[in-house]
Amino acid sequence: MLFFQAILKLAGGVFISRDIISIRDMNKEEIEKIFELAEKIEKMIERVKILEIMKGKVLSLLFFEPSTRTKLSFETAMKKLGGETIGFESIESSSIAKGESLKDMIKVVEKYCDIIVIRHFAEGAARFAAEVSEKPLINAGDGGNQHPTQTLLDLYTMKKLKGDISNLNVTLFGDLKHGRVMRSLVYGLAMFNAKITLVSPPGLEMDKGIIEEVKEKFDVEIYSSNDVKEGIKNADVIYICRLQKERFSDAFEAEKMAKTYKVTPELLEYAKSDVILLHPLPKTNEIDLMIDFLPIAKYYQQVAYGVPIRMACICYVMENE
Amino acid sequence: MNKENENLLVRKIEDGTVIDHIERGKGMKIYKLLNLKEETCILLTNVESKKLGRKDILKIANKELLQKDIDKIALIAPNATINIIKDWKVVEKRKATLPNILVNIVSCPNRNCVTRMEKDVSTKFIVEKREPVKLRCFYCERVFEKEDFEELFT
Ligand SMILES: [Zn+2]
């Protein structure tokens, strides 16, 4: 999307180009449209394993930073739409390592394909690539900034498993300070007027700037707490994310926090019986292994929803092509 | 210091630009951000001022500032006035006002921003708040305050 078009859009103007770069430039209607598409696709795929919507089209996966899961998910999505994929993973296998600029790379690759999916270590790389590219582009993660298809699949999972998002109490649990997943998710949840509770160890709270922005923009209440039992009490959804030990200054503190903020069968005694647990994966040990076998653990189902969501995203950006 | 002595310090210039009403202590920052390597300059700091109590003044001989320079000044010293001097006289007075969008005025304080790695990209910032100033980078989407940019000119 060109800069002036993006500005137009920020000002509430017309939607010209179709890229998915950031949850921050999407509105509820657009997201609902993607959800509708995903549901249609899910039904179609039940009958026919491989669709023909993207037959003859090529999607290129430019993964300047390895992320096997996301790459596999997009590959599966394009293949199930009947299209082809090309691409690379990791910087060593790309010519950027030899000093080629991102701009030149995009100008070359767009000649080979119909749609670009990019993952890059630099924040804003997807926005820049979309500015340069004549082909529609989807951001599959740009440094610590955005990963919009993750947020879309998170919201879609909640909608599919628990119904209307605006009626849900959602608790975001764990390290809310680092990583883009929680920050984007809080934005998406607020857009759908969910009731949000943030539970994190002291020192790993979500950035105040984001909470204020979201409150101001969507007029929602957000509760923050360090108390795990209190924080999960009313939750319909508990969204857990990885708690890295390196984030704590001393080992003793890290051990203590890892114990307090671990989701265990005992802790879940304090939650509603029909709560569901989500996690962006990969997980380490923030969830007790026993829980994986419980019906409330929905993170593998969540991964599965990634495919129809990414199929819908591909169709959505390709609509005018 | 009495008025007379101060006047001795504050030498007039024949042609050029006088940036007045710079917040006290920010004069050197303005000097640095304007990248004045060739020009003859006088920097006055801690000058008495009715408006600000104390202020800095930067005089640049034989130079007219570009709009780009004025936008930069507006970011670091929002109260500054720019006086254009010709033949010892002030011929024009301009207020440094921050535009709604800053294109290629300052670099992004975020080291991991694509604008710091890619050669062929101009920085773009959207002014989200004016008091206090909050700018969002169009690329990395981070929000920055005046102080984050000041650090770029130290
Ligand atoms: Zn930036």
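This structure is a prediction, so every number in the text was calculated from the model and none was measured.

What counts as what
Residues numbered from 1 in each chain as written. Chains lettered and ligands numbered in written order. Predicted model: local features only at pLDDT ≥ 70, side-chain atom pairs only at ≥ 80, totals over all residues. Heavy atoms only, no water. Helix = DSSP H or I, 4+ residues; strand = E, 2+ residues; numbered from the N terminus. Rg over C-alpha atoms; globule rule 2.2 N^0.38 Å. Buried < 20%, exposed > 50% of the residue type's maximum accessible area, 1.4 Å probe, protein only. Contact = heavy atoms within 4.5 Å. Areas by Shrake-Rupley, 256 points an atom, 1.4 Å probe, with all protein chains shown as cover. Lys, Arg positive; Asp, Glu negative; His and termini not counted. Charge placed at Lys NZ, Arg CZ, Asp CG, Glu CD. Buried area = accessible area lost by both parts, 1.4 Å probe. Salt bridge = Lys/Arg side-chain N within 4 Å of Asp/Glu carboxyl O. Nonpolar A, V, L, I, M, F, W, Y, C, P; charged D, E, K, R; others polar.

Notes on the overall build of chain B
Right, so step 1: When you go through chain B residue by residue, the secondary structure sums to four helices and nine strands.
Right, so step 2: Over its C-alpha atoms chain B spans a radius of gyration of 17 Å, differing by no more than 12% from the 15 Å that the globule rule assigns to 154 residues.
Right, so step 3: Principal axes of the C-alpha set define a box for chain B whose edges measure 50 × 30 × 25 Å.
Right, so step 4: Residues classed as buried in chain B amount to 47% of the 154 residues present.
Right, so step 5: Of the contacts formed within chain B by residues at least 6 apart in sequence, a portion of 58% connects residues at least 24 apart.
Right, so step 6: Carbon together with sulfur atoms contributes 46% to the accessible area of chain B, which is approximately 8700 Å² in total.
Right, so step 7: Side-chain charges in chain B split into 31 positive and 25 negative, and the spacing between the mean points of these groups amounts to 2 Å.

A closer look at the environment of Val228(A)
Residue and element names in this part refer to chain A.
Right, so step 1: Counting through the fold element by element, Val-228 comes out in helix H9 (residues 228-232).
Right, so step 2: Classification of Val-228 by relative accessible area gives buried; the value is 10%.
Right, so step 3: Those residues within four positions of Val-228 in sequence are excluded, and the remaining contacts are Phe-173, Val-199, Thr-260, Tyr-261 and Leu-267.

Brief notes about the environment of Leu278(A)
Residues and elements named next belong to chain A.
Right, so step 1: Among the structural elements, Leu-278 can be located in strand S9 (residues 276-278).
Right, so step 2: Counting along the chain gives 71 residues from Leu-278 to Asp-207, while the straight-line C-alpha distance between them is 22 Å.
Right, so step 3: Not counting residues within four places of it along the chain, the set of residues in contact with Leu-278 comprises Asp-154, Thr-157, Met-158, Val-237, Ile-238, Tyr-239, Ile-240, Lys-298, Tyr-299 and Gln-302.

Focus: the interface of chain A and chain B
Right, so step 1: At the interface, 22 residues of chain A touch 20 residues of chain B.
Right, so step 2: Approximately 1800 Å² of surface area, both sides summed, lies buried where chain A meets chain B, with 54% of it carried by carbon and sulfur atoms.
Right, so step 3: The tally of links from chain A across to chain B stands at eight salt bridges.
Right, so step 4: Linking Glu123(A) and Arg142(B) is a salt bridge whose minimum nitrogen-to-oxygen distance equals 2.9 Å.
Right, so step 5: Going through the elements one at a time, helix H1 (3-10), helix H4 (102-109), helix H5 (125-132) and helix H8 (208-218) of chain A are the ones with two or more residues in the side of chain A that touches chain B.
Right, so step 6: Along the lines of polarity and charge, the residues of the side of chain A that touches chain B split into nine nonpolar, six polar and seven charged.

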